[in-house]
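What the coordinates show
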Amino acid sequence: MTLVSGTHGAHGAVYRDRGGRRVVDHYGKPERVGKAVRNVVGTIEMGYGVLAVTGEDRVEFVDNAVSNRVPSEDGQGVYALLLDPQGAIETDMYVYNAAERLLVFLPPERTEAVAEDWASKVFIQDVEIEDVSSDFGVFGVHGPKSTEKVASVLGGPGAPEAPLSFVRGSMVDAGVTVIASDAPLGEEGYEVVCAADDAEQVFDTLINRGLNAAPFGYRTWDALSLEAGTPLFEYELAGTVPNVLGLRNALDFEKGCYVGQEVVSRVENRGRPSRRLVGLELTGLADAVAEIDGDADPEGYDEILPTPGAAVFAGDEAIGEVTRAAVGPASGDPIALALVRFDAALDGLSVRVDGDETAAIPADLPFVDGSARSGRLPTYPEE
């Protein structure tokens, strides 16, 4: 549930459900706002679930569970995955070392299950797991002017520089933690964390004080992250082996054993996975998209774009499926991400939309070069 409904309402928010949590879909002009984020800066209320892990053995416990090495120093974070025994992704997460506790940010629909699973695995370790999602507001600030934006309202230290590092400071009268993002939208970015009681004040500050920032919702988030080549949990990650997605920033091949590691290492040693994530320009839909005013009718694109699972063909051969599609805010063109056979020749491509084949061509990821490159940009061994 949103913590800042008053501010969202003042900007004309339209809501949607994301993993059981009410979040902003858009504010009525997602296409225009997407361009504002690409060119200047925007801010979004993030729909995370948050777990607090405390106790003397907290770092070792979480490190043994996830695919990346958990930092032992305060002020540092890491992007990591929780895998099943077959190596498939059960959830992704950010793990931050916040002095006396670890804070774990993860998709809201996975929060309860992970908390219960981890609690069931605590035996003689000094570890406690608590769902603290309702205690925090989390806001993303993204765009080429995001550093300038944060500097204009942050009291105390300067903005953090290294990805997933953080500093503590204040905004107006509220204490905040500012995290340097790993650029999921292909732009410089930060996440601002505050107490739930301060969320309305902090969100208003991020929008209206200092350098103004355009508020945006998850419809714009999805389109911008697609342009950036960033796989997301609800579309690409869930149930997929991380090697298939080229998520090398989420894997530490030197750390100790964790569930699913054997499968991940076997695929890595084989040289390449069975499938890969690719970008597609949906050239066959360009004219239809041009006829729709995405600001006047934000849902209009939904009626013509391929839905997740739409088949991708090379000639007459089915080689994969679309994971999601959108109209790129930077170009205004229809684009998609797709999982296809690793060895498939990407010639004569088409995508099935409502029973018809529409032309597509492969595109290098990211689709656009922003002020930063996503930390999740697919990277494969032979590249």
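Bear in mind the structure is a predicted one, so any value in this text is a computation, not a measurement.

**Quick notes on the nonpolar core**
- Counting residues in each nonpolar core, the largest one holds 53 residues, and the members touching the most others are Tyr-79, Leu-81, Leu-103, Phe-105, Trp-221, Leu-237 and Leu-247.
- Counting residues per element, this core draws most heavily on helix H7 (residues 218–227), which supplies 5 residues.
- Apart from residues no more than four positions distant in its own chain, Leu-103 is found in contact with Val-50, Leu-51, Ala-52, Tyr-94, Val-95, Tyr-96, Ala-98, Val-132 and Phe-136.
- Ranked by size, the runner-up nonpolar core spans 25 residues in total, among them Ala-13, Val-141, Leu-154 and Val-192.

**Considerations on the environment of Leu-81**
- With respect to the helices, strands and loops of the structure, Leu-81 is situated in strand S5 (residues 76–83).
- The buried category is assigned to Leu-81, whose relative accessible area is 0%.
- Along the primary structure Leu-81 and Leu-237 are separated by 156 residues, whereas in three dimensions their C-alpha atoms are 9.6 Å apart.
- Sequence-distant contacts of Leu-81, that is, excluding residues within four places in its chain, are made with Ala-65, Val-66, Ser-67, Ile-89, Thr-91, Asp-92, Leu-237, Pro-242, Leu-247, Ala-250 and Leu-251.

**Some details on the packing of aromatic side chains**
- Applying the stated criterion across every chain, the model contains 9 aromatic pairs.
- Measuring from centroid to centroid gives 5.3 Å for Tyr-96 and Phe-105, while their planes differ by 70 degrees, and the two rings are edge-to-face. Exposure class is identical for Tyr-96 and Phe-105. Each is buried.
- Here the aromatic rings of Phe-139 and Phe-203 are separated by 5.1 Å at their centres, their planes lie at 15 degrees, and the arrangement is stacked. Placement of the pair is Phe-139 in strand S9 (residues 136–142) and Phe-203 in helix H6 (residues 199–208), with a sequence separation of 64 residues.

**So, a negative patch on the surface**
- On the surface, Glu-56, Glu-100, Glu-112, Glu-116, Asp-126, Glu-128, Glu-130, Asp-131 and Asp-135 cluster together into a patch of negative charge.
- Of all the secondary-structure elements, those providing two or more residues to the negative patch are helix H4 (108–120) and strand S8 (128–131).
- Top element by residues in the negative patch is S8. It accounts for 3 residues.
- Along the chain, Glu-112 turns up in helix H4.
- Note on Glu-112: relative accessible area 54%, which makes it exposed.

**Regarding the sheet that holds strand S7 (residues 101–106)**
- Read across the sheet, 5 strands follow the order S5-S6-S7-S4-S8 without closing on themselves; strand pairing throughout is antiparallel. One side of each edge strand has no neighbouring strand; the edge strands of this open sheet are S5 and S8. The mean inter-strand angle of the sheet, taken between neighbouring strand axes irrespective of direction, is 25 degrees.
- Here strand S4 (residues 49–54) pairs with S7 via 6 bridges, running antiparallel.

**Remarks on the UniProt feature "domain: Aminomethyltransferase C-terminal" (unreviewed entry) in the protein chain**
- Annotation from UniProt places "domain: Aminomethyltransferase C-terminal" (unreviewed entry) at residues 303–369.
- Taken end to end, residues 303–369 is 0% helix and 52% strand, and its two terminal C-alpha atoms sit 28 Å from one another.

Conventions used here
Residue positions are given per chain, counting from 1 as you read along its sequence in written order. Local features are withheld for residues below a pLDDT of 70 in this predicted model, meaning they are given only at 70 or higher, and side-chain atom pairs are given and counted only at 80 or more; totals for whole chains, interfaces and linings count all residues. Only heavy atoms go into the side-chain values, all of them from the structure, while hydrogens and water stay out. Among buried residues, those of type Ala, Val, Leu, Ile, Met, Phe, Trp, Tyr and Cys that are joined through side-chain atoms within 4.5 Å constitute a nonpolar core. Only protein chains enter the area calculation, which uses a 1.4 Å probe; residues under 20% of their type maximum are buried, those over 50% are exposed, and those in between are partly exposed. Working definition: helices are DSSP H or I runs of at least four residues, strands are E runs of at least two. Numbering for both runs from the N terminus. Residues count as neighbours in contact if any of their non-hydrogen atoms are within 4.5 Å of one another. The pairing test for Phe, Tyr and Trp rings, Trp by its six-membered ring, is centres within 6.5 Å, and the orientation test on the planes gives stacked under 30 degrees, edge-to-face over 60, and tilted for anything in between. Grouping into patches uses exposed residues only, defined as over 30% relative accessible area, and leaves out salt-bridged ones; the cut-off is 9 Å for like charges and 5 Å for nonpolar side chains (Val, Leu, Ile, Met, Phe, Trp, Tyr). Throughout, the Shrake-Rupley method with a 1.4 Å probe supplies accessible areas, and for residues the shown protein chains are the sole cover considered. Salt bridges are counted wherever a side-chain nitrogen of Lys or Arg sits within 4 Å of a carboxyl oxygen of Asp or Glu. Counting rule for charge: Lys and Arg are taken as positive, Asp and Glu as negative, and neither His nor the chain ends is counted. The atoms used to mark charge sites are NZ of Lys, CZ of Arg, CG of Asp and CD of Glu. Pairing between strands is defined by DSSP: at least two bridges between them are needed. Fitted lines through C-alpha atoms give the axes, limited to the stretch in contact for helices. The angle between two N-to-C directions lies from 0 to 180 degrees. UniProt positions are given in the numbering used here, feature names are shortened, and annotations may be inferred rather than shown by experiment.

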